[in-house]
Amino acid sequence: MQPDLSGLTALEVNLATRTSLGDALTRSARMFGSRTAIADRGRSITYRELDAAAESVGRSLLESGLSHQQPVAMLMGNSWQFVATYFACAKAGLVAMPVNVVLAPEDIAWILNDSGTTTVVADAAFGPLLEKILPGLAEVKSVILVGAGPAASTGGVSTRNWEDLALREPAGPLEVLVEDRDAAQCLYTSGTTSRPKGVLASHTAVFVAGLTNALMQGASWGGEHATLVNVLPMFHTTGLNTLVLPTLMIGGTVVLPGPFDPGAVLDAIEAHRATHVMFLPIMYRALVGTQAAAARDLSSVRLCIYAMAPMPDTLLDQVDEAFPNASVILGSGQTEVVPATVLQWPEHRHTKANSWGPPVPTVEVQIMDNDGTLLPAGESGEIVYRGPHVSSGYWNNADANRAAFAHGWFHSGDVGHLDEDGVVWFTDRLKDIIKSGGENVSSVEVERVVSAAPGVQECSVVGLPDERWGEAVCAVVVAADATTAPAELEAQVIAHAKQHLAGFKVPKRVIVVDELPKTATGKARKHELRAGLSR
């Protein structure tokens with residue numbers, strides 16, 4: 001059965017029925033216009049102001065000649081202008097493409113070239129980067145700089161000022177055709193083993209994930225709104241899709257205190273009476289130490305999420321103490337299945353602390369073997385996903401899409417199992433499983449134990465070639481006290497590991513380093529560790 005829509009334009013029907021991220025911001029602005037949407041380092045931007053800026057920038061992008069579903073590259077740090085630009089693209093039917101600004105210039109240039117980018121929106125601080133890479137990018141025709149004065153060109157490309165575009169007088173609402181399955185964003189993966197892959201996510205995927213995250217995080221649409229303090233980069237799916245967008249979709253306030261500084265973050269939590277926070281384990285370690293030295297009132301926080309790395313029980317206990325009214329849970333996911341896809345329930349903090357938690361209600365999770373057969377509870381295999389969160393596919397990469405969607409499921413590249421309660425237990429990335437002496441060793445399990453060893457601040461575990469074992473389990477650690485002798489720390493790690501791990505899982509080598517190579521979101525770059533230590 002189909003309705004008779006004769007006499008109506010496609011745009012009229014689309015406007016009345018669509019799933020659009022741009023419309024989500026408009027709805028929040030109409031309901032909570034004078035409420036602070038974003039508190040950006042001392043400046044408060046209301047929902048009305050944010051929506052108006054997004055409308056103006058979106059209209060300007062279309063007037064510049066961009067057409068439906070073209071990408072707009074964003075070289076921007078966390079700011080209210082980042083959020084306005086993202087929503088501008090959503091309103092205009094363009095594809096927002098935040099770029100990881102800590103990548104090497106040649107990698108950023110490769111992404112801009114691969115995506116066919118013609119327009120770049122960038123913070124003025126990245127002007128020197130653009131001057132370096134733009135001469136080699138013939139497709140880029142326009143640069144819009146945030147926080148810069150008038151400039152004729154950057155790297156030979158015509159330049160406009162973002163503020164001029166955002167402050168234009170409104171010419172009525174921006175209403176263009178935006179289909180539910182149009183791409184809303186393209187986020188390039190970190191490319192730890194090969195060139196980055198552009199992950200396209202539709203308006204439906206991002207919209208459903210946003211509302212699901214709001215539901216799972218206990219945020220409400222009403223007077224007692226959520227207040228999120230966010231320091232994770234918004235060019236990454238966690239900061240953008242798991243945290244910031246869900247908060248704004250239900251009328252909450254996002255606080256951006258700037259680069260992570262434990263004292264400044266604690267001050268922001270106290271000053272804004274934050275209800276939601278998410279940090280990496282190493283950040284929580286710094287926060288509880290700073291809180292112990294000079295306590296702030298953190299009683300407003302209801303939810304503390306952590307991700308990216310295991311968190312030792314001792315540190316979890318300290319987080320419980322520092323945030324006395326908060327549930328402390330682990331969230332997990334990946335760019336290709338807009339996170340969070342699995343999320344612990346508060347009760348899992350003590351009953352299943354090392355699990356990933358159950359799937360969220362809008363994602364189906366199963367375990368699959370190499371032949372495409374789904375496995376029962378308790379059996380280990382690859383974690384696979386179905387649901388509206390799943391990305392539309394990789395840009396310009398048919399081979400990767402064939403592998404990713406084989407058997408009608410999205411293949412995560414993660415190994416794990418489901419228990420009898422439907423809770424997901426993660427073992428390791430397929431590529432990070434260590435095969436030592438004929439046994440499979442989960443690097444994540446060993447990391448969880450080593451990170452709790454006396455004197456260890458953080459660690460990463462990799463397998464290194466070994467004549468006897470095939471691969472030897474190697475723990476690369478950073479000392480909590482830089483004055484500790486490496487031999488002493490190695491002995492402490494080995495002794496602790498022997499108490500908590502089977503013999504074949506105990507590290508054969510412990511290497512002490514000053515710091516671990518990491519991605520922008522704090523994940524250890526294991527391919528760099530393996531390459532450097534195998535020489």
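Please read all numbers here as calculations on a predicted model, not as lab measurements. One numbering rule holds for all chains: residues counted from 1, following each sequence as written. This being a predicted model, a pLDDT of at least 70 is required before a residue's local features are given, and a value of 80 or more before pairs of side-chain atoms are given or counted; all residues contribute to the totals for chains, interfaces and linings. Computation of side-chain values: all heavy atoms of the structure, hydrogens and water removed.

This part covers the overall build of the protein. The number of helices and strands found in the protein is 17 helices and 26 strands. In terms of C-alpha radius of gyration, the protein reaches 24 Å, essentially the compact-globule figure of 24 Å for 535 residues. Principal-axis analysis of the C-alpha atoms places the extent of the protein at approximately 70 × 55 × 50 Å. Any residue under 20% of the maximum accessible area for its type is buried, any over 50% is exposed, and the rest in between are partly exposed; the area is computed with a 1.4 Å probe on protein chains only. Classification of the 535 residues of the protein by burial places 56% in the buried group. Partitioning the contacts of the protein with sequence separation of at least 6, the portion at a separation of at least 24 is 65%. Surface summary for the protein: the accessible area is close to 22,000 Å², and the carbon and sulfur share equals 52%. Positive charges come from Lys and Arg alone, negative charges from Asp and Glu alone, with His and the N- and C-terminal ends not counted. To locate a charge, take atom NZ for lysine, CZ for arginine, CG for aspartate or CD for glutamate. Each charge class in the protein can be summarised by its mean position, and for the 39 positive and 57 negative side chains these summaries are 2 Å apart. By the criteria applied, helices consist of DSSP H or I runs no shorter than four residues and strands consist of E runs no shorter than two, each listed in order from the N terminus. Each radius of gyration reported is based on C-alpha atoms, and the globular scaling rule is 2.2 Å times the count of residues to the power 0.38. Two residues qualify as a contact provided that any one of their heavy atoms is within 4.5 Å of a heavy atom in the partner residue. Note that accessible areas follow from Shrake-Rupley with a 1.4 Å probe, and for residues the cover is restricted to the protein chains shown.

This next bit is on the side chain of Glu 458. Take Glu 458: it is sitting in strand E24 (residues 456-466). Side-chain polar atoms of Glu 458 contact the side chain of Lys 518, separated by 2.7 Å. Those residues in contact with Glu 458, other than ones at most four positions away along the chain, are Ile 282, Val 476, Val 477, Val 478, Leu 516 and Lys 518. Polar contacts here mean pairs of N or O atoms no more than 3.5 Å apart (in protein, one a potential hydrogen donor and the other a potential acceptor; neighbouring residues in sequence count only if both atoms are side-chain atoms).

Next up on the list: the packing of aromatic side chains. Stacked, edge-to-face and tilted labels apply to pairs of Phe, Tyr and Trp rings (six-membered ring for Trp) whose centres lie within 6.5 Å, assigned for plane angles under 30 degrees, over 60, and everything in between, in that order. Applying the stated criterion across every chain, the model contains nine aromatic pairs. For the pair Trp 110 and Tyr 188, a centre-to-centre distance of 6.4 Å together with 90 degrees between the ring planes defines the contact as edge-to-face. Here Tyr 188 lies in strand E9 (residues 183-188) and Trp 110 lies in helix H5 (residues 105-115), a separation of 78 residues in the sequence. Judged by relative accessible area, which is 24%, Trp 110 ranks as partly exposed. The class for Tyr 188 is buried, based on a relative accessible area of 12%. The ring centre of Tyr 394 lies 5.2 Å from the NZ or CZ of Lys 197, which sits over that ring. Just above the ring of Trp 469 sits the side chain of Lys 508; from NZ or CZ to the centre is 4.4 Å. Lysine NZ or arginine CZ positioned within 6 Å of the ring centre and within 35 degrees of the ring normal marks a charge as sitting over the ring.

Turning our eyes to something else, we now look at the sheet that holds strand E2 (residues 43-46). Here eight strands make up an open sheet; going across it, the order is E2-E1-E12-E11-E13-E14-E15-E16 and the pairing mixed. Both edges of this open sheet fall to E2 and strand E16 (337-343), since each of them pairs with a single strand only. Adjacent strand axes in the sheet meet at a mean angle of 25 degrees when their direction is disregarded. Should DSSP find at least two bridges between two strands, the strands are taken to pair. Pairing between strand E15 (residues 327-334) and E16: three bridges, direction antiparallel. Paired with Gln 334 across the strands is Val 337, a residue of E16. Along the sheet, helix H3 (residues 47-63) contacts strand E1 (36-40) and E2; its crossing angle with E2, the most-contacted strand, is approximately 75 degrees. The angle between two axes is taken between their N-to-C directions and runs from 0 to 180 degrees, where each axis is a line fitted to C-alpha atoms and a helix contributes only its stretch in contact. Set on the sheet, helix H11 (residues 281-293) makes contact with strand E13 (276-279) and strand E14 (303-306); between it and E13 the angle comes to about 115 degrees.

On to the pairing of strand E8 (residues 157-161). Sheet analysis places strand E6 (residues 142-146) next to E8, joined by four bridges and oriented parallel. The residue bridging Ile 144 from the neighbouring strand is Arg 160, located in E8. What sits between strand E7 (residues 153-154) and E8 in their antiparallel hairpin is a turn of two residues, with Gly 155 showing a positive phi close to 60 degrees.

Moving on: the packing of helix H4 (residues 80-92) against helix H9 (residues 237-249). Axis separation between H4 and H9 bottoms out at 13 Å; the angle between their running directions is 85 degrees. By the angle class used here, H4 and H9 are roughly perpendicular. Contacts between H4 and H9 involve Phe 82, Val 83, Tyr 86 and Phe 87 on the former and, on the latter, Leu 240, Asn 241, Val 244, Leu 245 and Leu 248. All amino acids are sorted into three groups, where Ala, Val, Leu, Ile, Met, Phe, Trp, Tyr, Cys and Pro are nonpolar, Asp, Glu, Lys and Arg are charged, and the leftover types, Gly among them, are polar. For the contact of H4 with H9, a count of residues per class yields eight nonpolar, one polar and no charged. Should an angle fall under 35 degrees it is taken as roughly parallel, and over 145 as roughly antiparallel, whereas 65 to 115 is taken as roughly perpendicular and any remaining angle as oblique.

What follows is about the domain arrangement of the protein. What fixes the domain bounds is an automatic or database domain assignment. According to the domain assignment, the protein consists of domain 1 (10-200), domain 2 (364-430) and domain 3 (433-534). Taking the mean C-alpha position of each, domain 1 and domain 2 sit 32 Å from one another. On the side of domain 2, nine residues touch domain 1, which itself brings eight residues to the contact. Buried area adds together the accessible area that both of two parts lose upon being put together, with accessible area traced by a 1.4 Å probe. For the pair domain 1 and domain 2, the two sides together bury roughly 770 Å², of which 52% comes from carbon and sulfur.

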